[in-house]
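Structural overview
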Amino acid sequence: MLYLATPSGADVRAAMQAGLLACMTTPAQGNVIPPGALYACDNGKFGKGWPGEQAWFAWLTATVNRYSRGRCLWAVAPDVPMDAAATLAESLPWLEPIRALGIPAAFAAQDGSEHGLIPWDSIDVLFLAGSTEWKTSPAAHRLAVEARKRGLAVHMGRVNSRRRLRIAQAFGCTSCDGTYLAFGPDTNLPASWPG
């Protein structure tokens, strides 16, 4: 399973360049992706960083043009954190434009997405988002299993502890992300990666 982080510190950037980690970027971060590193594009909807649809898509287009489509793991469509129905409505119009950029489209599953609210045929990656309780629940686990059966990658967001990392691994996630390395990269990287 590949861990995505922000490029905070020389050791983390070196691990990204070596392929041990990948880089997560959002419109508000302004991160420079290390040369040769794999990366994914989050939309900034969770937290403070959403610039609006048109500015987000312009940023996404510029990012994949600058850093290579071939190194982009995926881009997550706009979502509404913790709201499955609103996320489906917000994401649907953007899945095909993301794919048209030549990159995989990720869908951010939320609390309640297990009730028929996943557009399986329009996505390449199932991103387990939503509340901590939901994304570590049996319902999210069943969605992850279904995604893998369909040949899709599965990503879990906000993985900031060894316990959460083990859950993501048990769910069969192909990748996960978090801020664990950003807060103490010199301490946390050697202790946690690889491993």
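Bear in mind that the values here come from a model prediction, so they are computed numbers and not experimental data.

**What to know about the sheet that holds strand 4 (residues 72-76)**
The sheet built from eight strands closes into a barrel, its strands ordered 1-2-3-4-5-6-7-8 with parallel pairing. Averaged over neighbouring strand pairs, the angle between their axes works out to 30 degrees when direction is ignored. Across the sheet, helix 1 (residues 10-17) lies against strand 1 (2-5) and strand 2 (21-25), angled at about 110 degrees from strand 2, the strand it touches most. Lying on the sheet, helix 3 (residues 84-100) is in contact with strand 4 and strand 5 (105-109); it crosses strand 5 at an angle near 170 degrees.

**Considering helix 1**
Considered for burial, the residues of helix 1 that qualify are Val12, Ala15 and Met16. Mapping the buried residues of helix 1 onto a view down its axis gives an arc of 100 degrees, with all of them on the same face. Just beyond helix 1, the residue with positive phi is Gly19, at close to 85 degrees.

**Observations regarding the packing of helix 2 (residues 53-67) against helix 3**
Relative orientation of the contacting elements helix 2 and helix 3 amounts to 25 degrees, with a least axis distance of 12 Å. It follows from the interaxial angle that helix 2 and helix 3 lie roughly parallel. In this structure, the crossing between helix 2 and helix 3 has a hand that is right-handed. In this structure, helix 2 uses Glu53, Gln54, Trp56, Phe57 and Leu60 to contact helix 3, whose residues at the interface are Glu90, Trp94, Pro97 and Ile98.

**Observations concerning the pairing of strand 2**
It is a general feature of regular strands that their side chains alternate between the two faces of the sheet. For strand 2, the buried fraction is high: five of the five residues fall into the buried class. On strand 2, burial covers both faces: Leu21, Cys23 and Thr25 on one face and Ala22 and Met24 on the other are all buried. When strand 1 meets strand 2, the two strands line up parallel, connected through three bridges. Following the sheet pairing, Tyr3 is matched in strand 2 by Leu21. Following the backbone out of strand 1, through helix 1 and into the adjacent parallel strand 2, one traces a crossover that is right-handed. Across three bridges, the pairing between strand 2 and strand 3 (residues 39-41) is parallel. Paired with Met24 across the bridge in strand 3 is Ala40.

**Quick look at the pattern of salt bridges**
Under the criterion given, the structure shown has three salt bridges. Salt-bridge contacts for Arg99 lead to Asp124; the nearest nitrogen and oxygen are separated by 3.0 Å. Here Asp124 lies in the loop between strand 5 and strand 6 (125-128) and Arg99 lies in helix 3, a separation of 25 residues in the sequence. Taking relative accessible area as the criterion, Asp124 reaches 25% and is therefore assigned partly exposed.

**A short note on the side chain of Ser131**
Along the chain, Ser131 falls in the loop between strand 6 and helix 4 (132-135). On the basis of relative accessibility, which here comes to 13%, the residue Ser131 falls in the buried class. In this structure the side chain of Ser131 is engaged in a polar contact, spanning 3.1 Å, whose partner is the backbone nitrogen of Trp134. Setting aside residues up to four positions removed in sequence, Ser131 forms contacts with Met82, Asp111 and Arg158.

**Considering the pairing of strand 6**
Burial of the side chains of strand 6 extends over both faces: Val125 and Phe127 are buried on one face and Leu126 and Leu128 on the other. Sheet topology places strand 6 next to strand 7 (residues 153-156); four bridges connect them, and they run parallel. Bridging across to strand 7, Val125 finds its partner in Ala153.

Rules used throughout
Residues numbered from 1 in each chain as written. Predicted model: local features only at pLDDT ≥ 70, side-chain atom pairs only at ≥ 80, totals over all residues. Heavy atoms only, no water. Pairing = 2+ DSSP bridges. Helix = DSSP H or I, 4+ residues; strand = E, 2+ residues; numbered from the N terminus. Axes fitted to C-alpha atoms, helices over the stretch in contact; angles between N-to-C directions. Contact = heavy atoms within 4.5 Å. Buried < 20%, exposed > 50% of the residue type's maximum accessible area, 1.4 Å probe, protein only. Arc of directions from axis to C-beta. Parallel < 35°, antiparallel > 145°, perpendicular 65-115°, else oblique. Left-handed = near helix turned anticlockwise from the far one by under 90°. Right-handed = clockwise from strand over helix to strand, strands pointing away. Salt bridge = Lys/Arg side-chain N within 4 Å of Asp/Glu carboxyl O. Polar contact = N/O pair within 3.5 Å; in protein donor to acceptor, adjacent residues only side chain to side chain.

Keep in mind these values describe shape, not function.
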